[in-house]
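Geometric and topological summary
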Amino acid sequence: MITAFVCCFISFFAAAQDKTATVTGKIVDENENGLPGVSIVILGKNKGILSSDSGTFTITVVANRSFALTFTHTGYASAQKNFYLSPGETENVTIRLLHSDKTLQAVVVSDERERRETGLVKVNPKNAISLPSTTGGVEALIKTLVGSNNELTSQYNVRGGNYDENIVYINDFEIYRPYLVSSGQQEGLSFINPELVKNVNFYTGGFQAKYGDKMSSVLDITYKKPTTFGGSAYISLLEQGLQFEGISRNKKFTYLVGARNKSNRNLLKSQPTQGVYVPSASDVQGYVTYKISEQLQLELLGILSTSRFKYIPESVKKTSSVFSPLFTSNIGLDVLFDGQEKDNYTTSMIGATIVHTPVKKLKLKWMFSRFQDKEKENFDVAGTYLFGDRDFDKSSSTFGQIINPLGSGYYQDYGRNSLDITLWNISHKGTLEKGKHFIQWGVGFEQTHINDKIREFEYQDSAGYSLPYVPGSMQLYSATNSTTALNISKYNGYLQDNLHIATEKNDITIQAGVRFNYNGLNKEFLLSPRVQASWKPKWKQDFVFKLAAGMYNQPPFYRELKRYDGSLNEAVKAQKSTQFVAGMDYNFKGAGDRPFRLTAEAYYKLMKDVDPYDIDNVKIKYVGANNAKAYATGIEFRLFSELIKDAESWLSVGFMSTKENLDNDFYYLYKNAGGEIINPSSQDQVVVDSVRQDVGFVRRPTDRRITVGLYLEDYLPTNKNFKVHLNMLYGSNMPYNIPNSVRYRNGLIIEPYFRVDIGFSALLLSEKAARRSHSPFRKFENIWASLEVFNLIDRANVISFQLIKDFANNTYAIPNRLTPRLINFKLVARF
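First, a word on scope: everything that follows refers to the structure included in this document. (Residues numbered from 1 in each chain as written. Predicted model: local features only at pLDDT ≥ 70, side-chain atom pairs only at ≥ 80, totals over all residues. Heavy atoms only, no water.)

**Digging into the sheet that holds strand 2 (residues 39-42)**
What counts here: What makes two strands pair is DSSP finding at least two bridges between them. Secondary structure elements are taken from DSSP: a helix is a run of H or I of four residues or more, a strand is a run of E of two residues or more, and numbering for both begins at the N terminus. To obtain each axis, a line is fitted to C-alpha atoms, and for helices this fit is confined to the stretch in contact; angles are then taken between N-to-C directions over 0 to 180 degrees.
If you walk across this open sheet you meet the 4 strands as 3-2-5-6, and the pairing is antiparallel. Taken across any chain shown, the strands that pair with only one partner, and hence form the sheet edges, are strand 3 (48-50) and strand 6 (79-83). Ignoring which end each strand starts from, the neighbouring axes of this sheet average 20° apart. Sheet topology note: the strand 5 (residues 67-72)/strand 6 ladder contains 5 bridges and is antiparallel. Within strand 6, the position partnered with Phe71 by the bridge is Ala79.

This is the structure in structure tokens:
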């Protein structure tokens, strides 16, 4: 009996032992030295072990099951190895960790700068590569934070401002965007190459005096300074790129070079307008540094970007559902086109910086740059159209056709436009650390040369009559014929002090400064005082509270000077805003001990001397006068977390209202003898009275009450090499202004924008140290493959409207829609 019991016990114990396996080995660095204190965790688990002082380890794992071990250590790139072991099996491995200067930013921020500075959001540039987006780049990440309504452009709106109110720096050089572009499909590459980026600082408002003269936001980009040789290459159906970086043996010379090419043909051919799309864009960027001595360094930044767009439209079928108390119908518009469009945009920038550090706490920078933008637009497109009720009965022989015509006509858009902007800049910047103070200053001079020729006209014919109708003559609906030659001199500078006060109970920072600007064109001198403060109490809960106030003035550059008719108003003054911001930042632990970070900011912007504008797609047309006042107010919430370890995610929610009040914005309602409101142009009605209607405050073209952005990153619980990235954007409706109409300034509404993009990634090649010497991939660090689905829900978002008239001279608005669902494949290799 006892013998039988002992045998059963031994069998049971042996069976239990057979259900586990063992991984043992050693972790070393590039010089084969053992690494102590390396964290070794089974992927998907919260607990693990540390390597010994000599770098060795032994860990027991479950057998007959796929699993992965992750190896992480401060200052080294993490590594992962996959296993499948039989019961009782022991596998011995050697893991090599490589030094890394590319550390991921933690969700719970250890760099207190981001938490202390008002409006600052630090963006991880590595996410710009993996984010599924039609435009890609850093700006696509920015859109998840502030919202967007157009996936074809890299531009973004911040807190009620338009595209012209955002300022972008690359290594302290200001960057400008093309000016004649009228639609997102004409845009080429973003000016920022994400493969070259080291740091991204994005300010949504309340920024410091050292940043330039814009009213909405600052995007401050810093390119990498390499410490070793490396590079990357990627290819997709939309874009291709190659990047190299390295350092000389004596550590004095570094180089960083990137080249990209992009074609949106696959994206544009799925749009409602059928035709031939030939878009192409390419750029080359380089950043080199040379260390002349311990105190002196030379830096050069060069960028050359070209974009071409050829478009031969053929036909389009549009449909708009019309609802009213009297009737409901599906209005269709069929257009047959003739003609084509050819555009060419070339941008170049060269910048040189001399950095002098005479002593450790004093840094002086001398900067010289030349920026040039040359643009040409040539289009001559005519369309013959028919619109009316469209038949949606699939059983009908006329399915898809217009069965009840309401109007027909012909229109022609013609343009021969050119623009040449050359901008020279010389500036000096400096910083000085002195005790608790960090003093910053700068002064600069800018000379701008603008040569502009606009030759445009639009002809409209409705039911055989040219519009506007004048008996006995043919009239153009609109025409612009202008030539501009401007030379503008500008001076600017700033002085600010950052003060840090730390006590046992409080941690306080104060940033106070003033900025000046002088515009030689309109002879306007501006002073902009600004102050920011943060308070971090020494509580158990990790809170930071922030306040900011200041004046943010935006002098006119070029587009703000032009009136609707193309003439120039050189007397346009700077648009001026006074801004107040209050916010908080809270770090805490959630379920499963996961880190969370919650931020909130409320803001109010009071604006005067506003130059009103209309937006059509991405084209901004200003009134060309300071004849309005406006305001923008709202609150933003952002939640950052890791749903699983090392997988960044965030949610951004914003609520906003922005309105404007134009001077003398009124119109008259006309009445007949019976007191009924009539159309004064009607020949069968007699006007006997009129009533003045004052418009007052109306929604601005960028007024989007609610914005939601979501970025999610995830991977398989048993294998970190299979990842998924999701990008979701939602924005509530926006107003659309009828051009040159006071009465219908908010005449139309663009329905809410909702879009979901998703990407699936798989690591095809890793563990460089384990490859054989003759392997063709021995120089590659890793290779990733991604499958992306753009507009997953296939929503037909609206960007603008086409206005047409029926036989009775009534106007209809037919929506212009954006891209449908599209599949993209991308391959990324790093070496």
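**Topic: the pattern of salt bridges**
Rules: Salt bridges are defined as contacts in which a side-chain nitrogen from Lys or Arg sits within 4 Å of a carboxyl oxygen from Asp or Glu. Under the scheme applied here, a residue whose accessible area is under 20% of the maximum for its type counts as buried, over 50% as exposed, and between as partly exposed, the area being computed with a 1.4 Å probe on protein chains only.
All told, the structure shown has 29 salt bridges when counted by the stated rule. Glu151 is the partner of Arg755 in a salt bridge, and the nearest nitrogen-oxygen pair spans 3.3 Å. Pair noted here: Arg755 is in strand 41 (residues 753-765) and Glu151 is in the loop between helix 4 (137-146) and strand 9 (166-170), with a separation of 604 residues, a long-range link. Relative accessible area serves as the criterion here: at 2%, Arg755 is assigned to the buried category. Asp334 serves as the salt-bridge partner of Lys317, at 3.3 Å between the closest nitrogen and oxygen. Placement of the pair is Lys317 in strand 17 (residues 296-323) and Asp334 in strand 18 (residues 328-359), with a sequence separation of 17 residues. We classify Lys317 as exposed; its relative accessible area is 54%. Judged by its relative accessible area of 18%, Asp334 falls in the buried class.

**Some points on the packing of aromatic side chains**
Put simply, the rule is: A pair of aromatic rings is counted whenever rings of Phe, Tyr or Trp (Trp by its six-membered ring) have centres within 6.5 Å, and the orientation is called stacked for planes under 30 degrees apart, edge-to-face for over 60 and tilted otherwise. We count a charge as sitting over a ring when the NZ of a lysine or the CZ of an arginine lies within 6 Å of the ring centre and within 35 degrees of the ring normal.
The tally for this structure, following the rule as stated, stands at 34 aromatic pairs. Judged by centre distance (6.3 Å) and plane angle (40°), the rings of Tyr385 and Tyr411 are tilted. Linking Tyr385 in strand 19 (residues 362-390) with Tyr411 in strand 20 (residues 402-434), this pair joins segments that are 26 residues apart in sequence. Residue Tyr385 is classed as buried on the basis of its relative accessible area, which comes to 8%. An aromatic cluster is built from Trp535, Trp539, Phe543, Phe545, Tyr586, Phe588 and Phe596, whose rings are joined through pairwise contacts. Stacked on the ring of Phe666, the Lys or Arg Arg692 has its end atom at 3.8 Å from the ring centre.

**Looking at the sheet that holds strand 11 (residues 197-203)**
One open sheet accounts for 5 strands, arranged 8-11-12-9-10; its pairing is mixed. Because the sheet does not close on itself, it has two edges, and the strands there are strand 8 (120-122) and strand 10 (173-175). On average, each strand axis in the sheet is inclined to that of its neighbour by 25°, with strand direction left out of account. Note that strand 9 and strand 10 share 3 bridges and pair antiparallel. Looking at strand 10, one finds that Ile170 is bridged to Phe173.

**A few points about the nonpolar core**
This is how the line gets drawn: In this description, a nonpolar core means a group of buried Ala, Val, Leu, Ile, Met, Phe, Trp, Tyr and Cys residues linked to one another through side-chain atoms lying within 4.5 Å. Residues are treated as being in contact if the distance between any of their heavy atoms lies within 4.5 Å.
Residues Ile170, Ile192, Leu219, Ile221 and Tyr223 are the most contacted members of the largest nonpolar core, which totals 58 residues. For this core, the element with the most residues is helix 4, which contributes 6 residues. The contacts of Tyr223, once residues within four sequence positions are left out, are Ile170, Asn171, Phe191, Ile192, Asn193, Leu196, Val197, Lys198, Leu256, Gln285, Tyr287 and Leu301. One finds Ala63, Tyr76, Phe83 and Leu85 within the second-largest nonpolar core, a separate group that totals 19 residues.

Such coordinate-based values are descriptive only and should not be taken to indicate function.
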